[in-house]
Amino acid sequence: MSNVYDVAYDLEKALRNSEDFTALKQSYDEVNNNPETKELFGKFRDIQVNLQQKQMNGQEVTPEEIEEAQKLFADVQQNETISKLMAAEQRMSMIINDLNKVITKPLEELYGPMVEEEGQQQ
């Protein structure tokens, strides 16, 4: 029987060598190699994190913050380099989500659906 940690490291290596990760890294490098694009992307991430933190802390997001985020999002969508990076991020996120489902399948079979999923089904 193989050590699960060895298998995990093999999975990490497979992810690093995948076409999807290579595309993500290339897109990330393209964004960071252009100062204007890098700054725009940084502002977008900062606003995203700030709004998420406010929501998680139960704080109200102001209409001004929403408007600023929407304007910045429109700018980001028009930037082909950032749009390409975001699409690559989304593909990697889906892969990791799918892998997580596979990895947690034995626990789900043992205990049943996760609590979060049960709450959504009701």
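As shown above, the structure is provided for reference.
Report on the accompanying structure. All figures in this text were calculated on a predicted structure; none of them were measured in a lab.

1. Things to note about the overall build of the protein
Stage number 1. From N to C terminus, the protein includes 6 helices and 0 strands.
Stage number 2. Each helix and strand of the protein, ordered N terminal to C terminal, gives the series α-α-α-α-α-α.
Stage number 3. Considered along the principal axes of its C-alpha atoms, the protein spans approximately 55 × 40 × 20 Å.
Stage number 4. Expressed as a percentage of the 122 residues in the protein, the buried residues total 18%.
Stage number 5. Element-wise, carbon and sulfur atoms account for 52% of the exposed surface of the protein, whose accessible area totals about 9,900 Å².
Stage number 6. Taking the average location of the 12 positive side-chain charges in the protein and that of its 24 negative ones, the two points are 5 Å from each other.

2. Some points on a nonpolar patch on the surface
Stage number 1. A cluster of nonpolar side chains, contributed by Val4, Tyr5 and Tyr9, occupies part of the molecular surface with about 400 Å² of accessible area.
Stage number 2. By secondary structure assignment, the location of Tyr9 is in helix α1 (residues 4-16).
Stage number 3. Looking at Tyr9, the relative accessible area reads 55%, which means it is exposed.

3. A look at the environment of Gly58
Stage number 1. Tracing the sequence through the fold places Gly58 in the loop between α3 (35-56) and α4 (63-78).
Stage number 2. For Gly58, a relative accessible area of 66% gives the class exposed.
Stage number 3. As for Gly58 and Arg16, which are separated by 42 residues in sequence, their C-alpha atoms are 37 Å apart.

4. Let's talk about the pattern of salt bridges
If the charged atoms of two oppositely charged side chains come close together, the side chains can form a pair.
Stage number 1. Under the criterion given, the structure shown has 8 salt bridges.
Stage number 2. Ionic pairing is found between Lys43 and Glu39, a salt bridge with its closest N-O pair at 3.5 Å. In this pair, Lys43 and Glu39 are both assigned in helix α3, 4 residues apart and thus about one turn of the helix distant.
Stage number 3. You can call Lys43 partly exposed: its relative accessible area is 44%.

Reading the values: rules and limits
Each residue is numbered by its place in its chain's sequence as written, counting from 1. In view of the model being predicted, local features appear only for residues whose pLDDT reaches at least 70, and side-chain atom pairs are presented and counted only at 80 or more, with totals across whole chains, interfaces and linings using the full set of residues. Excluded from the side-chain calculation are hydrogens and water; included are all heavy atoms of the structure. Numbering of helices and strands runs from the N terminus, with a helix taken as a DSSP run of H or I at least four residues long and a strand as a DSSP run of E at least two residues long. Categorising residues by exposure relies on relative accessible area from a 1.4 Å probe, with only protein chains included: less than 20% of the type maximum marks a residue as buried, more than 50% marks it as exposed, and the intermediate range marks it as partly exposed. Computed by Shrake-Rupley with a 1.4 Å probe, the accessible areas treat only the displayed protein chains as cover when residues are assessed. For the purpose of counting charges, residues Lys and Arg are taken to be positive, whereas Asp and Glu are taken to be negative. His and the chain ends are not included. Note on charges: their place is set at NZ of Lys, CZ of Arg, CG of Asp or CD of Glu. Only residues whose relative accessible area exceeds 30% and that form no salt bridge enter a patch; like-charged residues are grouped when within 9 Å of one another, and nonpolar side chains (Val, Leu, Ile, Met, Phe, Trp, Tyr) when within 5 Å. Every case where a carboxyl oxygen of Asp or Glu lies within 4 Å of a side-chain nitrogen of Lys or Arg is listed as a salt bridge.

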